[in-house]
Amino acid sequence: MTAPFEVYGVVGLVAGGVAGLLVGSFLNVLVHRLPRGESIVSPGSRCPSCGAPVAAYDNVPVFSWILLAGRCRSCKAPIALRYPLLELGNGVLWALVFRFAPSWGDFATGAFLCSACLALLAIDAQFYILPDAITLPGIAVGLALSFVSARRTPLEALLGAALGAGGLFLVAFVYERIAGQEGMGLGDVKMLGMIGALLGPSGVVVTVLSASISGTVIGLGLILVKGGSGKTRLPFGVFLALGAIGAWFFADPLTERYRALWP
Ligand SMILES: [Zn+2]
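In this convention, every chain numbers its residues from 1, walking through the sequence in written order. Totals for whole chains, interfaces and linings use every residue, but because this is a predicted model, local features are given only for residues with pLDDT of at least 70 and side-chain atom pairs only at 80 or more, for both listing and counting. As a rule here, side-chain values come from all non-hydrogen atoms in the structure, and water together with hydrogens is ignored.

## A few points about unusual backbone geometry
Leaving glycine out, the prevailing phi sign among residues is negative, and the prevailing peptide bond configuration is trans.
Inference 1: One non-glycine residue, Ala 69, adopts positive backbone phi at about 55 degrees.
Inference 2: Structurally, Ala 69 can be placed in the loop between helix H2 (63-67) and helix H3 (82-100).
Inference 3: Phi at Tyr 128 is positive, roughly 60 degrees, even though this residue is not glycine.
Inference 4: What counts as a helix is a DSSP run of H or I of at least four residues, what counts as a strand is a run of E of at least two, and both are numbered from the N terminus. For Tyr 128, the position within the fold is in the loop between helix H4 (104-127) and helix H5 (132-145).
Inference 5: Burial classification: accessible surface area is computed with a 1.4 Å probe over protein chains only, and a residue below 20% of its type maximum counts as buried, one above 50% as exposed, and the rest as partly exposed. Residue classification places Tyr 128 among the partly exposed positions, given a relative accessible area of 36%.

Here's what the structure looks like:
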């Protein structure tokens, strides 16, 4: 199988980045509307403050936000920095995924994983929820794309989904029994199921390890700075999202090195 970058080079990389910017714009719609239970197809984009429809020329990813100096053209209300950041983040990630994907199937897998995780990250950070509307179709997409992946088989995708969702469900269940309170929501369980379907078992392990470590470090840091009781709730989906994106790029080389340690 030939890597897309070997065939299309920098032109493909730029095209991948531009496509990522446009999809990033759609992610902003998801992040705003899914938690509010609004339709994601209609009406067209509107200013959250004054409701004025956003014209196509004011809806160009990143550039419009800069040209409008981060304000609505009609009411001058500030437009959150999240909008250009999400677009730019998704564009950069799609370009990087294009650079390193070993096949078109893996490009689709990496691009979908990055976009879904960025949307979930933004929603979880703000609302502490991980909508089924992203995670459940995400499991199906992961299983389907495993048939065209150079990196993992459909069986590995299935095992990854089972390990991710099943493992986290078990942890959440045991924690609730011992601590007497809910530590993790079912949203986290379904999200790790999606990550497992997209990355396979080794990706799940790398994701959970890095999410637990970064979550613990940030959590302890917050307690030190803000002086919480240790019960300050962290949106764990944010750390799962960052861990999974990192795992798409690094999990395979990492597990190969780990295996090399044990002859
Ligand atoms: Zn406005």
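## Some remarks on the side chain of Asp 124
Inference 1: Relative to the elements of secondary structure, Asp 124 occurs in helix H4.
Inference 2: We define a polar contact as two N or O atoms separated by no more than 3.5 Å, with the added condition that, inside protein, one atom must be a possible hydrogen donor and the other a possible acceptor, whereas residues neighbouring each other in sequence contribute only through side-chain atom pairs. Within the local environment of Asp 124, its side chain forms a polar contact with the backbone nitrogen of Ile 129, the two atoms lying 3.3 Å apart.
Inference 3: In what follows, residue pairs with any heavy atoms lying within 4.5 Å of each other are defined as contacts. Not counting residues up to four positions away in its chain, the partners in contact with Asp 124 are Ile 129, Leu 130, Pro 235, Phe 236, Gly 237 and Val 238.

## So, the environment of Ile 40
Inference 1: Structurally, Ile 40 can be placed in the loop between helix H1 (4-33) and H2.
Inference 2: Judged by its relative accessible area of 32%, Ile 40 is partly exposed.
Inference 3: Along the backbone, Ile 40 and Gly 187 are 147 residues apart, and their C-alpha atoms lie at a distance of 20 Å.

## Re the packing of aromatic side chains
Inference 1: Each aromatic pair joins two rings of Phe, Tyr and Trp (for Trp, the six-membered one) with centres within 6.5 Å, and gets the label stacked for planes under 30 degrees apart, edge-to-face for over 60, and tilted for any other angle. Under the defined criterion, the tally for this structure stands at eight aromatic pairs.
Inference 2: With centroids separated by 5.8 Å and ring planes inclined at 85 degrees, the aromatic side chains of Trp 104 and Phe 107 adopt a geometry described as edge-to-face. Remark: Phe 107 and Trp 104 occur in helix H4; sequence separation between them is three residues, near one turn of the helix.
Inference 3: Looking at Trp 104, the relative accessible area reads 48%, which means it is partly exposed.
Inference 4: Ring centres of Trp 248 and Phe 249 lie 4.9 Å apart, and the angle between their planes is 85 degrees; on these two criteria the pair is classed as edge-to-face.
Inference 5: The class of Phe 249 is buried, set by a relative accessible area of 17%.
Inference 6: Sitting over a ring, as applied to charges here, requires NZ of Lys or CZ of Arg to be within 6 Å of the ring centre and within 35 degrees of the ring normal. For the cation-ring pair, Arg 82 lies above Tyr 83, with the distance from its terminal atom to the ring centre recorded as 4.3 Å.

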